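Breakdown of the fold
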Amino acid sequence: GGATLKGPVQAPLPREVVKWLQSLDLSFIVKNPKRDICNGFIVAEILTRFYPKDLSINSFENGTRLEAKVDNWEQIFKFCKRREIALTKADIDPVIHAAPGAAVDMIFKVYELLTKRTVKITRPPEDPEAAEVRPAFMRDTASKRLKDPEIDRIQDNVERTIRAIDTLGNYHEERRVQKATEAPLLIQQHRQTRMAQGTEYDTTSKEEVQDSLQLSEVRVKALASGAAALQGKGGARGGEGQKSRTAGIKQQLLQAVGAPQSSVGALAGMQQPALFVKPAADIMRPLVLSIVQDSEELSRAVDSRKDVVVSFMEQCREGVPDAGRADRHATSERLREIEETSVKVFETLANRAQLLVEPLTKSPPEFWKVWSTFYPALTDFPETSPVFESAVFLFKRLGHLMREADAPLTQQLMTEVGLPSLAKELVRAPEKRECLCEVIYSYTQEDTLNHLLVLRALKDKLGDNLPVYVSCLSCLISLDAQLSLLDEHLLDLYVYYALMAMQRPQPRTRVAGISILHTITTCSSQHHSIVALVPNFAALANDEWWEVQAQLLLLSASLLSKLTLSDMDWQDGGSADDASGSAGSKVADGADPLALEVAQESLLAVISHLFVVSGSKNVLQVGLSALVHLLPEFPNLLPMYVTVLLEQSPNYRQRLLRPTDAEGDYNLGRKTYVWGNASRMYEEKCVSHLWPHLDVAKTLAMQLDTSPLDCLQTQHMEVLTATLPDIFKEPEVEEWLSVFDKMKRYIFDALIDPELHQHSAQFIKRFWTSESEALATASVERSKKVLLQALKDLYSHTGRAKVNEAEMVAFLQDMKAFGGELAVEVVSVVESFRDTLPNEFANSSLGILLAS
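Analysis parameters
- Positions within a chain are numbered from 1, following the residues in the order the chain's sequence is written.
- Local features in a predicted model are, by the rule used here, given only for residues with pLDDT of at least 70; side-chain atom pairs are given and counted only at 80 or more, and totals for whole chains, interfaces and linings are based on all residues.
- Derived side-chain values reflect all non-hydrogen atoms in the structure, with water molecules and hydrogen atoms excluded from consideration.
- Helix numbers and strand numbers start at the N terminus; a helix is a DSSP run of H or I with at least 4 residues, a strand a run of E with at least 2.
- We call a residue buried when its accessible area falls under 20% of the maximum for its residue type, exposed when it is over 50%, and partly exposed in between, using a 1.4 Å probe and counting protein chains only.
- What makes two residues a contact is simply this: any of their non-hydrogen atoms within 4.5 Å.
- Using a 1.4 Å probe, the Shrake-Rupley method yields the accessible areas, and only the shown protein chains count as cover for residues.
- Here a Phe, Tyr or Trp ring, Trp counted by its six-membered ring, pairs with any other such ring whose centre lies within 6.5 Å, and the pair is stacked when the planes are under 30 degrees apart, edge-to-face when over 60, and tilted otherwise.
- Should a side-chain nitrogen of Lys or Arg be within 4 Å of a carboxyl oxygen of Asp or Glu, the pair is scored as a salt bridge.
- Only the stretch in contact is used when fitting a helix axis, every axis being a line fitted to C-alpha atoms; angles between N-to-C directions are given from 0 to 180 degrees.
- We call a crossing left-handed when the near helix sits turned anticlockwise from the far one by less than a right angle, and right-handed when that turn is clockwise.
- Note on residue classes: Ala, Val, Leu, Ile, Met, Phe, Trp, Tyr, Cys and Pro are nonpolar, Asp, Glu, Lys and Arg are charged, and everything else, Gly too, is polar.
- The quantity known as pLDDT measures the predictor's confidence residue by residue, on a range of 0 to 100.
- Joining through side-chain atoms within 4.5 Å is the link that ties buried Ala, Val, Leu, Ile, Met, Phe, Trp, Tyr and Cys residues into a set, and such a set is a nonpolar core.
- Take the number of residues in a helix, subtract one, and multiply by 1.5 Å to get its expected span.

Moving on, we get to the overall build of the protein chain. Counting its secondary structure elements, the protein chain contains 47 helices and two strands. Taking all 852 residues of the protein chain together, 46% fall into the buried category. Pairs at least 24 residues apart make up 69% of the contacts formed inside the protein chain by residues separated by at least 6 positions. Carbon and sulfur atoms make up 51% of the accessible area of the protein chain, which totals about 43,900 Å².

Okay, here's the thing in structure tokens:
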């Protein structure tokens, strides 16, 4: 390990380092490392002593110009990188700019890298007087701290601004600590002085009581009504019990949520902002200004008479004023520049959001200002816009950080300031609901009660607009499930509105209702509560709207999968949900094998009704990923599943059958099958990793045996190849050989087809070179006749398209290269072809295979 000093080194260089430098016979003695090392000449001379053939001192200039310093160190850096010496730009940059202690650190690092020895550093003893607090007149001012040369040398404007803000924040934090430490001493000193002068000093005077009350008010950071109760202010004074205080808090929350106030009206009831809170605009202004100045287009468009943050948002929303008169290409370039700059602004503010937490939580009006300033980015830009995504990220980041600082107030600010405006956008833009719901929950306390209160507040803000509310619930329930908050109270609310939604005439509302039940089934341990609702949603199987059918298929597949697991647990003598809540336990306690069987039959009937070849293309695509988990337990689904898969478009089928790169991750992502502002995303899976390989192969072979074809098509070969497992299990060898026997005529016929050759070669190779010796030997033996026939067809003079001879010969050579019995059989088949058709053999390239 290397020695690193984190501050100025006051002691001289250690004796061992000094002796080492003297032994190198350098041009001059290092007396002041900070001055002597900064231009890099001494370091370069040291390196030439160790690498005389690779580095020449004549390439370096012993000057004080900045250009000379940079050039010297750049040469040293490139040389060290080439020789793999661990010297970085982070080590060099402070030395160039004479940072305190950087030169000594550089000498130590060079010494350790070249000698492979560690420097033993002895720090000088600390001066006890230095640890004492300096008098006020000797302390640094904010201006002096900002004049730090370490800040000035940073070239990037944004990084320099951030460093300055951090420095200023640290300075103010030190001042607060100093004041808090010195205040009692100053008060005590003042009292002693007044007592010595004989002045009467009443410690409980009216002025001090008022000051004390004022300090108490400053520390309260919430509404005078709701948040004061949340923080237990009234309960602490009244001495009430914990139970009564909790009940009071709940009542206050309900009243606060239910109070019909506007955003501005809610601010009127808030506590006056705390004293000495820096405005959020003052924190954001330098961050925004430094980025805007880097954009030529925005810096020209921003109105200097207005606040830079406000003017930036105006230009961000309106774009370039003369866009209508410019040509399209130029306009597109300018808009792209403004968009990239806007994204950079939002991302920078999100990364520095911690700076905004204190003013936003201590002064509710500051939150309202920030919200009203940036909220238009959520309304004016489409969901796919990078500006919208970055604005969502900013609001979510602020919510998480504010919730850590003051969770009750943060939630109240959302319900009373943010929610009224968000409710309007939720109604207007269905495609943004999922993102906006995430914003709402990022400001909400993560417990069941508060989530329930926010859901009721959202219902009040939306009024009688049930379709929008149910659509929001279908988004929010996923977030509740991720936080494991779906207890009986939240489930009662979700199930109630899901049942109402399924009876509505609007198709999208019915879709949202079924989606809620699907989330409960997949994400909650109380899925038994949905079993009682099977008659309610099974009636929707005849619904003509494709997305209702798709959601119903997802729900039926998920519930059937859960019931299958429950059935297994029942047979093992236990219940899958012994710890279920009341909503699910009412059904689970009375469950028996007969009830589970009836429910399974009902769900299978729904699946069989919806998942048919004549069904909607979108429904079938959803079903292929949803039903793949059921195939092992319900093999009666296999014939229709394979038929539907064969009928899909090539791109979609190949997407489902392609192998995934990540081990154990079979999800291909979420897709939208219909363009629209309210269409949902559906998860696709790599079905070839999840299905029962042997059962699917047997099903396909049975279908071809029942309805023979002249030759296979591409879709058959793709599916057949995808049925092959990574490793053939020994107990399944005979069944795989049976499949091979049924399919070998088609497979070897496809071997000479130009479009199917690769699939066929891959299929044959998997059998012939299998890890199972029994499978490999038997499949090779059973292939001899069909391989010979394939060679005859390849060299016959028929009119069908055939694969290039070179590809066929390359495949046989590849198989022969495996050696053993396989090589013998390949040569045997070629010899049989030579004996049977000598003229064709003489005109072919197969002779290569017979050469020793």
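So, next bit.
This next bit is on the packing of aromatic side chains. If you walk through the whole model with that rule in mind, you get 22 aromatic pairs. Taken together, a centroid distance of 5.1 Å and an interplanar angle of 75° make the contact between Trp20 and Tyr111 edge-to-face. Taken as a pair, Trp20 in helix α1 (residues 15-23) and Tyr111 in helix α6 (residues 102-115) lie far apart in primary sequence, 91 residues in all. In this pair, the class of Trp20 matches that of Tyr111, namely buried.

The final tally for this structure, using the stated rule, is 31 salt bridges. Note that Lys109 and Asp91 form a salt bridge whose closest N and O atoms lie 2.6 Å from each other. One end of the pair, Lys109, is in helix α6; the other, Asp91, is in helix α5 (residues 89-96), and 18 residues separate them in sequence. Here Lys109 falls in the partly exposed class, since its relative accessible area comes to 24%. Using a relative accessible area of 23% as the deciding quantity, one classes Asp91 as partly exposed.

Glancing now at the packing of helix α3 (residues 41-50) against helix α4 (residues 66-82). At a minimum axis distance of 9 Å, the contact between α3 and α4 shows a crossing angle of 35°. By crossing handedness, the relation of α3 to α4 is classed as left-handed. Each of Phe41, Val43, Ala44 and Leu47 in α3 lies in contact with α4, whose residues at this interface are Asn72, Trp73, Ile76, Phe79 and Cys80. Partitioned by chemical class, the residues of the contact of α3 with α4 number eight nonpolar, one polar and no charged.

Attention now moves to the confidence of the model for the protein chain. The predicted model of the protein chain averages 80 in pLDDT, with 81% of residues at 70 or higher. The model gives residues 320-326 a pLDDT under 50, and that stretch makes nine contacts with residues more than four places away or in other chains. Of the regions scoring below 50 in pLDDT, residues 661-665 engages in one contact with residues more than four places distant in sequence or in other chains.

Attention shifts here to the nonpolar core. The biggest cluster of nonpolar side chains holds 195 residues, and the ones touching the most others in it are Phe374, Tyr494, Phe537, Trp691 and Trp768. Excluding anything up to four places from it in sequence, Trp691 contacts Val628, Leu631, Tyr641, Leu645, Leu657, Val696, Val719, Ala722 and Thr723. Residues Leu13, Leu47, Leu87 and Val95 belong to the second largest nonpolar core, which totals 38 residues.

With 17 residues, helix α45 (residues 820-836) extends 25 Å between its outermost C-alpha atoms, agreeing within 8% with the 24 Å of an ideal straight helix rising 1.5 Å per residue. Contacts from the buried residues of α45 go to α41 (757-768), α42 (773-781), α43 (784-794), α44 (805-816), α46 (838-842) and α47 (847-850).

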